[in-house]
Amino acid sequence: MSNHAILRATDLRKTYQLGRVQLPVLRGLTLSIRAGEFVAIMGPSGSGKSTLLGLLAGFDSPTNGSIKIDGEDITGLDEDQLAILRGRKLGFVFQSYNLIPTLTAEENVMLPLELRGDSSNPQERSRELLSSVGLRDRASHYPAQLSGGEQQRVALARAFACSPSILLADEPTGNLDSATGNIVL
């Protein structure tokens, strides 16, 4: 395993302003993750796990601190630069899946490839990924036609579509039975 930190957060702070009240969620968190490491962030509900993942993915900005992905400080990037970085380096699985309801499972998985302008065969890649999560026979189904666990597996397949160097997942096996959860992990 390389000593190179692929993801580094330094003195990360996030405070939400709720009217006149300040709600500090992250208070000086520092972490470093090397390529190939598998890290689980655990804690009770409301402890800031989803906030941390959102910050690391650049979906939100920290109140203070810095986040570097593969040595590049993302805290000062604009939305277009962040979108490009996410397309190149990050896969993200949302707790609520965020599948597009008007797209089939296959189309949801193909979407990041098409947005990135991938010249390979997105449909073939999508089918391969859906097979890897046990959903090849559900490729033509829409999210509303899938169970929660199936939607979660489509979201995982979509996160892997562009072969990201970093995968951030918010409760990636929360709606899966233990056998399927082990396969996904």
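Scoring rules and cut-offs
Residues numbered from 1 in each chain as written. Predicted model: local features only at pLDDT ≥ 70, side-chain atom pairs only at ≥ 80, totals over all residues. Heavy atoms only, no water. Helix = DSSP H or I, 4+ residues; strand = E, 2+ residues; numbered from the N terminus. Rg over C-alpha atoms; globule rule 2.2 N^0.38 Å. Buried < 20%, exposed > 50% of the residue type's maximum accessible area, 1.4 Å probe, protein only. Contact = heavy atoms within 4.5 Å. Areas by Shrake-Rupley, 256 points an atom, 1.4 Å probe, with all protein chains shown as cover. Lys, Arg positive; Asp, Glu negative; His and termini not counted. Charge placed at Lys NZ, Arg CZ, Asp CG, Glu CD. Axes fitted to C-alpha atoms, helices over the stretch in contact; angles between N-to-C directions. Parallel < 35°, antiparallel > 145°, perpendicular 65-115°, else oblique. Left-handed = near helix turned anticlockwise from the far one by under 90°. Nonpolar A, V, L, I, M, F, W, Y, C, P; charged D, E, K, R; others polar. Phe/Tyr/Trp six-rings, centres within 6.5 Å; stacked < 30°, edge-to-face > 60°. Pairing = 2+ DSSP bridges.

Trainee: Looking at this model, I keep getting lost on the overall build of the chain. Mind explaining?
Mentor: When you go through the chain residue by residue, the secondary structure sums to six helices and six strands. Of the regular secondary structure in the chain, the N- to C-terminal order runs β-β-α-β-β-α-β-α-α-α-β-α. The C-alpha atoms of the chain give 17 Å as radius of gyration, which agrees with the globular expectation for 185 residues (16 Å, within 12%). Across its three principal directions, the C-alpha atoms of the chain cover 50 × 35 × 35 Å. The proportion of buried residues among the 185 residues of the chain is 41%. Looking at the chain alone, contacts between residues at least 24 apart form 62% of all its contacts between residues at least 6 apart. Accessible surface, the chain: about 10200 Å² in total, of which carbon and sulfur atoms supply 50%. Charged side chains of the chain number 18 positive and 20 negative; the gap between the two group centres comes to 6 Å.

Trainee: How should the packing of helix α4 (residues 122-132) against helix α5 (residues 148-160) be read in this particular structure?
Mentor: Two packed helices can be described by the angle between their axes and the distance between those axes. Their axes nearest at 9 Å, the elements α4 and α5 cross at an angle of 130°. Taken together, α4 and α5 sit at an angle that is classed as oblique. Crossing angle aside, the handedness with which α4 passes α5 is right-handed. Contacts between α4 and α5 pair R125, L129 and L130 from the former with V154, A157 and F160 from the latter. Of the residues assigned to the contact of α4 with α5, the class counts are five nonpolar, no polar and one charged.

Trainee: Is there a simple way to think about the packing of aromatic side chains in this case?
Mentor: In this description, a pair of aromatic rings is defined by centroid distance and the angle of the planes. Applying the stated criterion across every chain yields a total of three aromatic pairs. Taken together, F59, F92 and F94 form an aromatic cluster joined through their ring pairs.

Trainee: Can you help me understand the pairing of strand β6 (residues 166-169) in this one?
Mentor: For a regular strand, side chains alternate in direction, first toward one face of the sheet and then toward the other. On β6, burial follows the alternation: I166 and L168 on one face are buried, whereas L167 and A169 on the facing-out side are not. Where strand β5 (residues 90-93) meets β6, four bridges bridge the pair, whose relative direction is parallel. The residue of β6 that forms the bridge with F92 is L168.

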